[in-house]
Amino acid sequence: MPSQDLAQALQHLQERVAQNSSSITLRAGLNPNGDHPGQVLVELMDKATQQVFYQYYIPADQALQAAKNADRLAPGSLLSGKA
């Protein structure tokens, strides 16, 4: 899977969460230190304080699938298949 496609999918997810939530920010990207290859680091944080209250990894293909269904993304759906 091209990294550009993944980056666009993650950007789309972040935008959808920002539009649908007044207090939560989603930050997602490829694993920065390489200890979880092929997975995406996902962080949920408070918009006001920028405090990360949940951090986990999901398979990259799951992130792509979530982006395709972002318009009907249910709360917690990214967690359901976490790695």
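Heads up: the structure comes first, above all this text.
Residues numbered from 1 in each chain as written. Predicted model: local features only at pLDDT ≥ 70, side-chain atom pairs only at ≥ 80, totals over all residues. Heavy atoms only, no water.

S.K.: Explain the nonpolar core here, please?
M.R.: In this structure, Val40 and Val42 are the most contacted members of the largest nonpolar core, which totals 17 residues. Of all the elements in the fold, those that place two or more residues in this core are helix H1 (3–20), strand S1 (24–30), strand S2 (39–46), strand S3 (52–59) and helix H2 (60–68). For this core, the element with the highest residue contribution is H1, accounting for five residues. With residues near it in sequence (within four places) discarded, Val42 still touches Leu26, Arg27, Ala28, Tyr54, Gln55, Tyr56 and Ile58. (Core = buried A, V, L, I, M, F, W, Y, C linked by side-chain atoms within 4.5 Å. Buried < 20%, exposed > 50% of the residue type's maximum accessible area, 1.4 Å probe, protein only. Helix = DSSP H or I, 4+ residues; strand = E, 2+ residues; numbered from the N terminus. Contact = heavy atoms within 4.5 Å.)

S.K.: What's the story with the environment of Ala28 in this structure? I'm lost.
M.R.: Along the chain, Ala28 turns up in strand S1. Among the residues examined, Ala28 registers a relative accessible area of 16% and is labelled buried. For the pair Ala28 and Val40, spaced twelve residues apart in sequence, the C-alpha to C-alpha distance is 6.6 Å. The contact partners of Ala28, leaving out residues within four places of it in the chain, are Leu10, Gln14, Val40, Leu41 and Val42.

S.K.: Looking at this model, I keep getting lost on the environment of Gln8. Mind explaining?
M.R.: Considering the arrangement of structural elements, one finds Gln8 in helix H1. On the accessibility criterion, Gln8 (49% relative accessible area) is partly exposed. Taking C-alpha positions, Gln8 is 9.1 Å from Leu64, a pair spaced 56 residues apart along the chain.

S.K.: How should I be thinking about the pairing of S3 in this particular structure?
M.R.: Each regular strand carries side chains that alternate between the two faces of the sheet. One ladder, built from seven bridges, connects S2 with S3; its direction is antiparallel. Bridge assignment links Val42 to a residue of S3, and that residue is Tyr56. Hairpin remark: S2 followed by S3, antiparallel, with five residues in the connecting loop; positive phi at Gln50, about 65°. (Pairing = 2+ DSSP bridges.)

S.K.: When you look at the pattern of salt bridges in this model, what are you seeing that I'm missing?
M.R.: Per the counting criterion, the structure on display carries one salt bridge. Between Glu43 and Arg27 there is a salt bridge, and its shortest N-O distance comes to 2.5 Å. With a gap of 16 residues between them, Glu43 in strand S2 and Arg27 in strand S1 connect regions that are remote in the sequence. Using a relative accessible area of 9% as the deciding quantity, one classes Glu43 as buried. Note on Arg27: relative accessible area 42%, which makes it partly exposed. (Salt bridge = Lys/Arg side-chain N within 4 Å of Asp/Glu carboxyl O.)

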